[in-house]
Amino acid sequence: MLKNFRPSFLTSLMSLSVLFLASSCSDKDTPYIPLICTPGMIVGELSEGTFKAPSTNAPFSVALSNVVVKCAEEASQEEVTLYVRMLVKRAAPSLENEIYKIPYFVILSKGNTLILKEKLEAEVTFEKSQKRIRPTISSKIKVPAQKGENFDDYTLYVGLQITEGQLDQNYQKRKRPPEIKIIKRPLSVKKTN
């Protein structure tokens, strides 16, 4: 009889705890709704580039992989924080930690109208044993929103400050169809005894 009592007791206890938690929340508790913020986009043709390390002049590559814009909680604040995720690769590790500088830009537009362009520089650190890193850099951008306008009326575009030659290479890469390699492997057959 004790065995039958234990599962029903636990079920009752769990039901009571759920009921207690549900009743403890009042009608005043509302779920958090995040502030609608300025959309951010990466300019495809300007998302990859090659640069030179300041100390060794060795080339390293950078690719922008993600961008997120966060607004301040106060509606009166005109500043947004831009977070850019990068993939940075170099050919070989070094004997000591190295700081690499990556030039990039941010364009703020409203519809088809360019509002501002800001040239920025990111500093990323390679530890001596690393050949690739995925840093996230951040910067504050002022959005000159007029009264009655919303942050989501504006768009932030991010790209790397690359040369004309690199821009042409990026255009050519986008025109070519992607290479998909098919690896043919024999099916493994289980041996039966």
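Figured I'd write up the structure that's included with this text. Sequence order as written defines residue numbering, which begins from 1 separately in each chain. Only residues with pLDDT of at least 70 get local features here, since the model is predicted, and only at 80 or more are side-chain atom pairs given and counted; chain-wide, interface and lining totals rely on the full set of residues. Hydrogen atoms and water are omitted, and side-chain values are computed over all heavy atoms in the structure.

## A look at the overall build of the chain
- In this text, helices come from DSSP runs of H or I with a minimum length of four residues, and strands from runs of E with a minimum of two, each type numbered from the N-terminal end. Scanning the chain for helices and strands turns up two helices and nine strands.
- Along the chain, helices (α) and strands (β) appear in the sequence α-β-β-β-β-β-β-β-β-β-α when read from the amino end.
- Think of it in three bands: with a 1.4 Å probe and only protein chains considered, a residue is buried below 20% of the maximum accessible area for its type, exposed above 50%, and partly exposed in between. Across the 193 residues that make up the chain, the buried fraction comes to 27%.
- Of all intrachain contacts in the chain linking residues separated by at least 6 positions in sequence, the fraction that spans at least 24 positions is 68%.
- Of the roughly 14,800 Å² of accessible surface on the chain, 55% is carried by carbon and sulfur atoms. Residue contacts are defined here by distance: any two heavy atoms, one from each residue, within 4.5 Å place the two residues in contact. Methods summary: accessible areas were calculated by the Shrake-Rupley approach with a probe of 1.4 Å, and residue burial reflects only the protein chains presented.

## Observations concerning unusual backbone geometry
- Here N57, not a glycine, exhibits a phi torsion of approximately 65°, which is positive.
- The topology assignment puts N57 in the loop between strand 2 (48-52) and strand 3 (59-71).

## Some words on the layout of surface pockets
- Roughly 160 Å³ of volume is contained in the second largest pocket.
- Listing elements by their share of the lining of the second largest pocket, those giving two or more residues are strand 2, strand 3, strand 4 (79-90) and helix 2 (164-175).
- The greatest single-element share of the lining of the second largest pocket, amounting to four residues, is contributed by helix 2.
- Amino acids are sorted into nonpolar (Ala, Val, Leu, Ile, Met, Phe, Trp, Tyr, Cys and Pro), charged (Asp, Glu, Lys and Arg) and polar (every other residue, Gly among them). Considered class by class, the residues forming the lining of the second largest pocket number three nonpolar, six polar and three charged. Think of a 1 Å grid over just the protein atoms. A cavity is a set of points where a 1.4 Å probe fits yet cannot get out, a pocket is an open set with protein on both sides within 12 Å along at least five of seven lines, and lining residues have an atom within 4 Å of a point. Grid points are joined across faces, edges and corners, and a volume is the space filled by probe spheres set on the points.

## A look at the pairing of strand 6 (residues 113-126)
- One requirement defines pairing of two strands: DSSP has to find at least two bridges between them. Alignment of strand 5 (residues 98-110) against strand 6, held across 13 bridges, turns out to be antiparallel. Bridged to I107 within strand 6 is K117.
- Counting the residues that bridge the hairpin from strand 5 to strand 6 gives two residues, and of these G111 lies at a positive phi of roughly 65°.

## As for the sheet that holds strand 5
- Taking strand neighbours across the sheet as the criterion, the four strands line up as 1-9-5-6 in an open arrangement whose pairing is mixed. In this open sheet, the two strands that pair with only one neighbour each are strand 1 (40-42) and strand 6. For this sheet the average axis-to-axis angle between neighbouring strands, irrespective of direction, equals 25°. Axis angles are defined between N-to-C directions and span 0 to 180 degrees, where every axis is a line fitted to C-alpha atoms and, for a helix, only to the segment in contact.

## Notes on the side chain of E98
- Its place among the elements puts E98 in strand 5.
- A relative accessible area of 11% means that E98 is categorised as buried.
- Within the structure, E98 has its side chain in polar contact with the side chain of R90 (distance 3.2 Å). In protein, a polar contact means a hydrogen-donor-capable atom and an acceptor-capable atom, both N or O and within 3.5 Å, with residues adjacent in sequence counting only if both atoms are side-chain atoms; elsewhere, any N or O pair within 3.5 Å suffices.

## Things to note about the nonpolar core
- Residues enter a nonpolar core if they are buried and are Ala, Val, Leu, Ile, Met, Phe, Trp, Tyr or Cys, with the set joined through side-chain atoms within 4.5 Å. The biggest cluster of nonpolar side chains holds 36 residues, and the ones touching the most others in it are V80, L82, M86 and I102.
- Put simply, the parts of the chain that give this core at least two residues each are strand 3, strand 4, strand 5, strand 6, strand 8 (136-142) and strand 9 (155-160).
- Those residues in contact with V80 that sit more than four places away from it in its chain are C37, T38, V69, K70, C71, S139, K140, I141, V143, F151 and L156.

## Details of the packing of aromatic side chains
- Pairing of aromatic rings covers Phe, Tyr and Trp, the last counted by its six-membered ring, and requires centre-to-centre distances within 6.5 Å; plane angles under 30 degrees mean stacked, over 60 mean edge-to-face, and any other angle means tilted. For the coordinates displayed, the defined rule picks out three aromatic pairs.
- Considering the side-chain rings of F60 and Y100, the 4.5 Å spacing of their centres and the 50° angle between planes classify their relative orientation as tilted. Residue F60 is found in strand 3, and its partner Y100 is found in strand 5; the two are separated by 40 residues along the sequence.
- Looking at F60, the relative accessible area reads 2%, which means it is buried.
- Owing to a relative accessible area of 3%, Y100 belongs among the buried residues under this scheme.
- Note on Y100 and F126: the rings are 4.9 Å apart at their centroids and 55° apart in plane angle, and the pair reads as tilted. Of this pair, Y100 sits in strand 5 while F126 sits in strand 6, and the two are 26 residues apart along the sequence.
- What makes F126 buried here is its relative accessible area of 0%.
- Taken together, the ring pairs in this structure connect F51, F60, Y100 and F126 into an aromatic cluster.
- Each ring is checked for a lysine NZ or an arginine CZ that lies within 6 Å of its centre and within 35 degrees of its normal; such an atom marks a charge sitting over the ring. Above the plane of the ring of Y83 lies K70, whose end atom (NZ or CZ) is 5.8 Å from the centre.
- The aromatic ring of F105 is capped on one face by K117, whose charged end is 4.9 Å from the ring centroid.

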